[in-house]
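The lines below spell out each chain.
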Amino acid sequence: MLRKRRESPKPSSGEMASDSYKEKQANGEAFKSTTGYDVASKLNLLTALIMVTLAAVTFNLYLTSRLESIGDIDEDDFPSFSQQHGGKDSYFHRPRVWIHGENMEVGYLRHVVESFHRIGYDLVNGTQEEWDVLWSHDYPIRKFFSTLKAHQRVNHFPGSGYITNKVSLATSEMPHIPKAFHLPKDKEKFIEFAEKHPKRLWVKKSNNHRGIEIQKVQNMDLDSSGNFVQEYIQNPLLIDGKKFDIGLYVTLTSIDPLRVYIYDKDILLRFCKEPYHPFDPTNFDSYVVGDSYTPIWEMPSLNTTFTTLNYNMKQSLNLYLKSVGKDPDKMWRKIEEAIAMVYKEKEEFMSRAAAMSFKTTRNFFEMVRFDFLVDEDLNVYLMEANMSPNLSSLHFAPNKLLYEQVIFNLLSLVGLTRIDGITDWHNYEADKWDLRVSDKDLAINEEVCSSDECYLSCKSTKCRSCYMCLSDSMKFHLKDAFLEQKSIWSSKRLIPSTIYEHFNSETTNNLVQNDWFKAKCSSDPNWCSR
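What counts and how
Residues numbered from 1 in each chain as written. Predicted model: local features only at pLDDT ≥ 70, side-chain atom pairs only at ≥ 80, totals over all residues. Heavy atoms only, no water. Patch = residues over 30% accessible without salt bridge, like charges linked within 9 Å, V, L, I, M, F, W, Y side chains within 5 Å. Areas by Shrake-Rupley, 256 points an atom, 1.4 Å probe, with all protein chains shown as cover. Salt bridge = Lys/Arg side-chain N within 4 Å of Asp/Glu carboxyl O. Helix = DSSP H or I, 4+ residues; strand = E, 2+ residues; numbered from the N terminus. Buried < 20%, exposed > 50% of the residue type's maximum accessible area, 1.4 Å probe, protein only. Pairing = 2+ DSSP bridges. Contact = heavy atoms within 4.5 Å. Phe/Tyr/Trp six-rings, centres within 6.5 Å; stacked < 30°, edge-to-face > 60°. Lys NZ or Arg CZ within 6 Å of the ring centre and 35° of its normal. Disulfide = S-S within 2.5 Å. Axes fitted to C-alpha atoms, helices over the stretch in contact; angles between N-to-C directions. Parallel < 35°, antiparallel > 145°, perpendicular 65-115°, else oblique. Core = buried A, V, L, I, M, F, W, Y, C linked by side-chain atoms within 4.5 Å. Expected span 1.5 Å × (residues − 1). Left-handed = near helix turned anticlockwise from the far one by under 90°. Nonpolar A, V, L, I, M, F, W, Y, C, P; charged D, E, K, R; others polar.

Chemist: Explain a nonpolar patch on the surface to me, using residue names and the numbers behind them.
Modeler: A contiguous nonpolar surface patch, about 270 Å² in accessible area, is contributed by L309, Y311 and L319. Its place among the elements puts Y311 in the loop between α8 (300-308) and α9 (313-323).

Written as structure tokens, this is what we have:
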């Protein structure tokens, strides 16, 4: 049986009106509540933003005032820093280089200027401003550095003229240097020698190396001063019919003890402007390499290796010599021997010249270019050493890479790229230097130096390079040597040598340094000569 659904009673019209009013009232209260919350939140956020902005402005004003007052900081504000690093100037200035030369606006020192700029140096006028490094194209006048501070560096050694002076070098009677006579002092000796060797040819030269020409002895002016006559090598090695010379960049970093490095990565090859044959003594350009020489990329036998295969000048020359059945290693050994002999023979004269004016030579470094002639049998002849070699690519633009790499390699080797703490180059007490080299890095030969013989006495020669037997000055020199070894880049240490003992000098300091390098070599092959 179906049951009838029970229906709910309908509200009256009055009740419906009442409910509608209540719903609207409830909705209104909710609206008012929500609107009030949003307004309060926005006010709080705005207040917070205003406070943050005010705080930032206040902080910026404070920071600006502190930065503006840096120039007025007293050293006493930072006593520990000032004591260790020589005051505020050593911290707040970039390293400064004074580059000096005549007519620099021509641009012949452009690569030097750019190289210093790239590693963080400011260019200054050293006659008016403080400087850290002096790079002088010519030998610097004594007044430039009458008093040197410990950190200042100069790119020429006192007494270096014993090597770079053409008369002095040519008449030194050393191996690998053609026979020469100083005029007019050795006039009679020259005439006598020339008469005994009538087939030999001679060239007359001046110290400025201008006006070179083969002359008959009877036509030479043998009474003028500042000149010399030198034997002419009659069988030069020719490439594509042209005579050439080889330039090597050599750096002296220390004398007594002696340390000499060769830039081993590349060389400068220069060919005569004219072909050598048919030989004509009046054709100057056929046997003397002038400023307008023929570059390597214009030589048919070398152009492919240098330009197409992209080898450098040294590699290109080596490949050519091997292709004609010659051993380039034989030639390089002779060249290295010649350079080593020059420094070994001139060390005493340079040390004496430096001692007359300076207590130490650790402020100085010097790079010269040694120019060699090679004959058909790969015998080498040292023709000159240029005190301020050309480093400008204005004439031959492709040489730019060679010159810039040579300059950077030099600056790295002598420590000028370590520009932080620039006034502390020679202050090895600073903690920062212990990070690079400390006294413990000088200790060598564990078995020998820890023996009773060396521990109790330094009399034995085998103990002389042990740490406790080193003088304070020698410790400084060996720390310099340590840093050079770590910054050697493309250089090759020539002196001291751990291979060719005859390269090494035998003064007291040199003997100690030689032993020290040999001990380093025995424990680490990187210290061995190549």
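Chemist: If you had to explain the pairing of strand β14 (residues 380-386) to someone new, which residues and values would you point to?
Modeler: Burial of β14 is extensive: six of the seven residues sit out of reach of the surface. Here six bridges tie strand β13 (residues 366-374) to β14, and the two strands are oriented antiparallel to one another. Its bridge partner being in β14, V374 is matched across the sheet by V380. If you look at the hairpin formed by β13 and β14, you'll find five residues sitting between the two strands, and L378 has a positive phi there, around 65°.

Chemist: Help me get a handle on the environment of N379, residues and values and all.
Modeler: Examined against the element boundaries, N379 turns out to sit in the loop between β13 and β14. For the pair formed by N379 and H176, sequence separation is 203 residues and the distance between their alpha carbons is 8.1 Å. When neighbours within four sequence positions are excluded, N379 is seen to be in contact with K334, L373 and V374.

Chemist: Lay out the packing of aromatic side chains in plain terms, naming residues and giving numbers.
Modeler: Within this structure, the stated rule accounts for 27 aromatic pairs. The interplanar angle of 90° and the centroid separation of 5.4 Å between the aromatic rings of F408 and W489 together place this pair among those described as edge-to-face. With a gap of 81 residues between them, F408 in helix α11 (residues 400-413) and W489 in the loop between α15 (472-486) and β15 (491-495) connect regions that are remote in the sequence. Judged by its relative accessible area of 31%, F408 falls in the partly exposed class. Put simply, the rings of Y232, Y276, F279, F284 and Y287 touch in pairs and so form one group of aromatic residues. Between K179 and the ring centre of F193, over which it is positioned, the NZ or CZ distance is 5.5 Å. Taking the ring centre of Y293 as reference, the NZ or CZ of R270 above it sits at 5.8 Å.

Chemist: Residue-level account of the state of the cysteines, with values.
Modeler: A full pass over the atoms with the stated rule returns four disulfides. The disulfide bridge from C458 ends at C469, spanning 2.0 Å between sulfur atoms. Handedness of the C458-C469 disulfide follows from its S-S torsion of about -85°: it is left-handed. Note that C458 is positioned in the loop between α14 (452-456) and α15 and C469 in the loop between α14 and α15, a separation of eleven residues in sequence. The disulfide pattern of the chain is 1-5, 2-4, 3-6, 7-8 when the bonded cysteines are numbered in sequence order.

Chemist: I'd like a description of unusual backbone geometry, backed by residues and values.
Modeler: Here the amide bond leading from H277 into P278 is cis, since omega sits at -5°, within 30 degrees of zero. Tracing the backbone through its elements, the reader meets P278 in the loop between β12 (268-271) and α8. In this structure, P496 follows I495 across a cis peptide bond, with omega equal to 0°. As for its position among the elements, P496 is in the loop between β15 and α16 (508-523). At H176, a position not held by glycine, the phi torsion is positive, near 70°. Turning to its location among the elements, H176 is positioned in the loop between α6 (166-170) and β5 (180-183). A positive phi angle, near 50°, is found at W489, a position not held by glycine.

Chemist: I'd like to hear about the pattern of salt bridges, residue by residue, with values.
Modeler: Evaluated as defined, the whole model comprises 25 salt bridges. For R259, the salt bridge goes to E484, with nearest N and O atoms at 2.8 Å. Linking R259 in strand β11 (residues 259-263) with E484 in helix α15, this pair joins segments that are 225 residues apart in sequence. Given the relative accessible area of 1%, R259 is considered buried. The class for E484 is buried, based on a relative accessible area of 6%. The closest approach of N and O atoms between K518 and E501, which form a salt bridge, is 2.9 Å.

Chemist: Could you give an account of the packing of α9 against helix α10 (residues 328-355), naming the residues involved and the relevant values?
Modeler: Where α9 meets α10, the closest approach of the two axes is 9 Å, and the angle between their N-to-C directions is 125°. Compared by their axis directions, α9 and α10 come out oblique. For the pair α9 and α10, the contacting residues are K314, L317, N318, L321 and K322 in the first and P328, M331 and W332 in the second.

Chemist: Mind laying out the sheet that holds strand β8 (residues 227-232), listing which residues take part and the relevant values?
Modeler: Judged by pairing direction, the sheet is antiparallel, and its four strands sit side by side in the order β5-β8-β6-β7 without closing on themselves. Looking along the sheet, the strands with just one partner apiece sit at the ends: β5 and β7 (213-215). Averaged over all neighbouring strand pairs, the angle between strand axes comes to 35°, with direction disregarded. Relative to β7, strand β6 (residues 201-206) runs antiparallel, the two sharing three bridges. What sits directly across from K204, in β7, is E213. Strands β5, β6 and β8 of the sheet are contacted by helix α7 (residues 187-196), whose axis makes an angle of about 145° with β5.

Chemist: Kindly report on the nonpolar core, identifying the contributing residues and their values.
Modeler: In terms of nonpolar packing, the biggest core is built from 87 residues, with F116, W135, I246, L269, M331, Y343 and F370 touching the most fellow members. The dominant element in this core, judged by the number of residues it contributes, is α10, at eleven residues. Excluding residues within four positions of it along the chain, I246 makes contact with I267, L268, L269, L317, M331, W332, F370, D371, F372 and V374. In this structure, L470, A481, V512 and F517 belong to the second largest nonpolar core, which totals 15 residues.

Chemist: So what about α11? Which residues, and what values?
Modeler: Here α11 spans 20 Å end to end across 14 residues, near enough to the 20 Å set by a 1.5 Å rise per residue. With respect to burial, α11 is a largely interior element, ten of its 14 residues being buried. Within α11 the residues assigned to the buried category are L402, Y403, E404, V406, I407, N409, L410, L411, S412 and L413.

Chemist: Requested: an account of the packing of α8 against α9, with residues and values cited.
Modeler: Packing of α8 against α9 leaves a shortest axis separation of 9 Å and a crossing angle of 130°. Put simply, α8 runs oblique to α9. Here α8 runs over α9; the crossing is right-handed. From α8, S301, L302, T305 and F306 reach across to α9, where they touch M313, S316, L319 and Y320. Along the lines of polarity and charge, the residues of the contact of α8 with α9 split into five nonpolar, three polar and no charged.

Shape descriptors only; they carry no functional weight alone.
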